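Tertiary structure, described
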Amino acid sequence: MNTAFIQELGIRPWDQLNPTNESDFSTISLLGQDFQSAWSTWCKLASLLAGEWPTIVNWRSLGYPYESKTEEYLAIKKFSKTSSSNDIFKKNETTCVYSGVEHLSLTPEEIDSTTLTHYRYSVTLMQKRNVDNDALWNRLSHLTHLSTTEDFKLILLDRLSLAFRFYDAETHGVAQLICHSEHAARVIEKIKILNTEEISKNEVYKYIHRQLNY
């Protein structure tokens, strides 16, 4: 498992060309030569963080309205068969777009990583106990996709959660954490337990290709 981590000030999504440098936020990226390396490191990190953030949920937007009532009905029926009593899947009456909050396994290795890599339409949150996910859904339900740093400010409005996005690219994989800066030191403390190397953003290309030579 070969991964490195990058710590940056502000909200700096991996796919964003216009990040923010606001000191109230911190971005920590776990970088691997492939996605499986980054995912494996995230699973270990999530297990270490679970004592303080014991709940893992995924917020997901469909991104567009269903084309027919039949399609909508089938989607609701499918959700009802696979969901737990705490899961949410509802339509925003203004945008007509469905979104949901789904509780994931408390054992990170049991989570299907392929369902979390649609980063433009979903975000994974590790939460403190007793978080109101109805309030989370209501706060985010008008979003059809995640595209700006302002979206992350909305996601992290309660100041209690850790937000994760996962990137499965051809040349590398990334598990990226965005949170309020007050939580960053605790996260870095756990990352260092994993003996993960710290690099700068300028070293990303070199790191990926150094890995290829191993």
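Check the entry above for the structure.
Source: prediction; values computed, not measured. (Residues numbered from 1 in each chain as written. Predicted model: local features only at pLDDT ≥ 70, side-chain atom pairs only at ≥ 80, totals over all residues. Heavy atoms only, no water.)

Turning to the environment of Val97, a few remarks are in order. Topologically, Val97 is positioned in the loop between strand E4 (88–91) and strand E5 (98–103). Sequence spacing of Val97 and Ser61 is 36 residues, and the spatial spacing of their C-alpha atoms is 7.4 Å. Setting aside chain neighbours within four positions, we find Val97 in contact with Ser61, Leu62, Gly63, Tyr64, Pro65, Lys90, Lys91, Asn92 and Thr144. (Helix = DSSP H or I, 4+ residues; strand = E, 2+ residues; numbered from the N terminus. Contact = heavy atoms within 4.5 Å.)

Right, let's talk about the packing of helix H1 (residues 35–49) against helix H5 (residues 184–193) for a bit. Between H1 and H5, whose axes approach to 10 Å, the crossing angle comes to 125°. Classed by the angle they form, the pair H1 and H5 counts as oblique. H1 and H5 meet at a crossing whose hand is right-handed. Facing H1, whose interface residues are Leu45, Leu48 and Leu49, H5 presents Val187, Lys190, Ile191 and Ile193. Classifying every residue of the contact of H1 with H5 gives 6 nonpolar, no polar and 1 charged. (Axes fitted to C-alpha atoms, helices over the stretch in contact; angles between N-to-C directions. Parallel < 35°, antiparallel > 145°, perpendicular 65-115°, else oblique. Left-handed = near helix turned anticlockwise from the far one by under 90°. Nonpolar A, V, L, I, M, F, W, Y, C, P; charged D, E, K, R; others polar.)

Most often, soluble globular proteins keep nonpolar side chains buried together rather than apart. Residues Trp42 and Leu162 are the most contacted members of the largest nonpolar core, which totals 26 residues. Taken together, the elements giving at least two residues each to this core come down to strand E2 (25–32), H1, strand E7 (162–168), strand E8 (173–180) and H5. Take this core: its biggest share by element is 7 residues, from H1. In this view, Leu162 contacts Leu49, Trp53, Thr124, Leu125, Met126, Leu177, Ile178, Cys179, His183 and Val187; residues no more than four positions away in its chain are not counted. Membership of the second largest hydrophobic core comes to 18 residues, among which are Leu140, Leu146, Phe152 and Ala163. (Core = buried A, V, L, I, M, F, W, Y, C linked by side-chain atoms within 4.5 Å. Buried < 20%, exposed > 50% of the residue type's maximum accessible area, 1.4 Å probe, protein only.)

Okay, the side chain of Glu8 next. Topologically, Glu8 is positioned in strand E1 (residues 3–9). Here Glu8 falls in the buried class, since its relative accessible area comes to 12%. Within the structure, Glu8 has its side chain in polar contact with the side chain of Arg12 (distance 3.1 Å). Setting aside chain neighbours within four positions, we find Glu8 in contact with Ser26, Thr27 and Lys201. (Polar contact = N/O pair within 3.5 Å; in protein donor to acceptor, adjacent residues only side chain to side chain.)

Looking now at the pairing of E4. In terms of strand pairing, E4 meets E5 through 4 bridges, oriented antiparallel. Across the sheet, the residue bridging to Lys91 is Tyr98, located in E5. The hairpin turn running from E4 into E5, its antiparallel successor, is 6 residues long, and Cys96 in that turn takes a positive phi close to 65°. (Pairing = 2+ DSSP bridges.)

Further remarks concern the sheet that holds E4. The strand order E4-E5-E3-E6-E7-E8-E2-E1-E9 describes an open sheet built from 9 strands, whose pairing is mixed. The sheet terminates laterally at E4 and strand E9 (197–198), the two strands that pair on one side only. Strand contacts of H1: E1, E2, strand E6 (122–127), E7 and E8, with the helix running at about 165° to E7, the strand carrying the most contacts. Strands in contact with H5 are E1, E2, E7 and E8; relative to E2, the strand with the most contacts, it is inclined by about 20°.

Attention now goes to the packing of aromatic side chains. Geometry of an aromatic ring pair is reported as the spacing of the ring centres plus the angle between the planes. Counted under the stated rule, the structure contains 10 aromatic pairs. Counting every residue linked through ring pairs, the aromatic cluster contains Phe35, Trp39, Trp42, Phe164 and Phe166. Between the NZ or CZ atom of Lys128 and the centre of the ring of Trp53, over which it lies, the distance is 4.3 Å. Over the ring of Trp14 we find Lys201; its NZ or CZ atom is 4.8 Å from the centre of that ring. (Phe/Tyr/Trp six-rings, centres within 6.5 Å; stacked < 30°, edge-to-face > 60°. Lys NZ or Arg CZ within 6 Å of the ring centre and 35° of its normal.)

Moving on: unusual backbone geometry. Leaving glycine aside, a negative phi is the common case for residues, and trans is the common case for peptide bonds. At Arg159, a position not held by glycine, the phi torsion is positive, near 65°. Here Arg159 is to be found in the loop between helix H4 (149–155) and E7. Judged by its relative accessible area of 34%, Arg159 is partly exposed. Of note in the backbone geometry, Asn195 takes a positive phi value of approximately 55° without being a glycine. Mapped onto the secondary structure, Asn195 falls in the loop between H5 and E9. With relative accessibility at 71%, the residue Asn195 sits in the exposed group.

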